[in-house]
Amino acid sequence: MPREMRKESDWPRKPRYWYLVSLVLQQEKSKKPKRKPVLVIRGGGVGDFILILPLLEEIRRTDPQAPIQILGHESIACLALESGTADTVFSLDSVDLSPLFRADRSGFRNSPLSELLTGAELVISFLGGTEGAFSENLRRLASQVRMIPAPQPNGIHAARQFLNASGLVRPSESDIE
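Here the structure is a predicted model, which means the values were calculated and not measured. (Residues numbered from 1 in each chain as written. Predicted model: local features only at pLDDT ≥ 70, side-chain atom pairs only at ≥ 80, totals over all residues. Heavy atoms only, no water.)

Caption draft 1: Local environment of the overall build of the protein. A count of helices and strands for the protein gives seven helices and five strands. Reading the protein from its N end, one meets helices and strands in the order α-β-α-α-β-α-β-α-β-α-β-α. Looking at the protein as a whole, 36% of its 177 residues are labelled buried. Within the protein, residue pairs in contact and separated by at least 24 positions form 52% of the contacts whose partners lie at least 6 positions apart. With the model as given, the accessible surface of the protein reaches about 11900 Å², and the carbon-plus-sulfur share is 54%. (Helix = DSSP H or I, 4+ residues; strand = E, 2+ residues; numbered from the N terminus. Buried < 20%, exposed > 50% of the residue type's maximum accessible area, 1.4 Å probe, protein only. Contact = heavy atoms within 4.5 Å. Areas by Shrake-Rupley, 256 points an atom, 1.4 Å probe, with all protein chains shown as cover.)

Caption draft 2: Layout of the pattern of salt bridges. With the rule as written, the count across this model stands at four salt bridges. Two residues, D63 and R35, come together in a salt bridge whose shortest N-O distance is 2.4 Å. With D63 in the loop between α3 (53–62) and β2 (68–72) and R35 in the loop between α1 (18–31) and β1 (38–42), this residue pair connects regions lying 28 residues apart in the sequence. Salt bridges here are not isolated pairs; linked through shared partners, they connect R35, D63 and E121. (Salt bridge = Lys/Arg side-chain N within 4 Å of Asp/Glu carboxyl O.)

Caption draft 3: A look at the packing of aromatic side chains. Applying the stated rule across the entire model yields two aromatic pairs. When the centroid spacing of 4.9 Å and the interplanar angle of 20 degrees are considered together, the rings of F101 and F134 count as stacked. Of this pair, F101 sits in the loop between β3 (88–91) and α5 (112–118) while F134 sits in helix α6 (residues 133–141), placing them 33 residues apart in sequence. We classify F101 as partly exposed; its relative accessible area is 46%. By relative accessible area, F134 is classed as buried at 6%. Relative to F162, the ring of F126 has its centre 4.9 Å away and its plane inclined at 75 degrees; by these criteria the two rings are edge-to-face. (Phe/Tyr/Trp six-rings, centres within 6.5 Å; stacked < 30°, edge-to-face > 60°.)

Caption draft 4: Structural view of the nonpolar core. In this structure, V40, F49, L56, I70, I124 and F126 are the most contacted members of the largest nonpolar core, which totals 23 residues. Of all the secondary-structure elements, those providing two or more residues to this core are β1, α3, β2, α4 (74–83), β4 (122–125) and α7 (158–166). Per-element accounting of this core gives the leading share, four residues, to α3. Excluding anything up to four places from it in sequence, L56 contacts V40, F49, I68, I70, A80 and T85. Formed by 18 residues, the second largest nonpolar core is a distinct cluster that contains L39, I41, L92 and L138. (Core = buried A, V, L, I, M, F, W, Y, C linked by side-chain atoms within 4.5 Å.)

Caption draft 5: Focus on the side chain of S166. Structurally, S166 is set in helix α7. Separated by 2.6 Å, the side chain of S166 and the backbone oxygen of L163 make a polar contact. Once residues within four sequence positions are removed from consideration, S166 is found in contact with L55, R146 and I148. (Polar contact = N/O pair within 3.5 Å; in protein donor to acceptor, adjacent residues only side chain to side chain.)

See below:
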């Protein structure tokens, strides 16, 4: 015996106020503050980039909700996208980054670069050392900056030195000489 199709009028109706309730719920969802991203700046080749993958994994492990952005060479940084350790990649080769390396502090106002840096919760940079125009401009624009020095030939793996210098993990006893 075939089933009878119900008329639309036979279906249970939602109360008239349901539309207003759903609007309020949508507004509440949109009010939740978006997480500020962690921005990692890394140049160099594939080998240099691979050394920061443990750091990216540690960021993801300690704060799974934090978006991770990479400012690096797109063809290399896509490794982090594919592995799920980063959410967004920006090109380090862009001419828009040139003001970051100048001491005159011009070219930042309302630029995508200033939005990228001021919008980050934390900027971890592997470029430029701890002094100079680059690091000064980073510190001026970003709320929290960690400049990671080049690894030292001290018997500790470079990836571990990066993790230790980031301040995200405590050095293990094997790292202490």
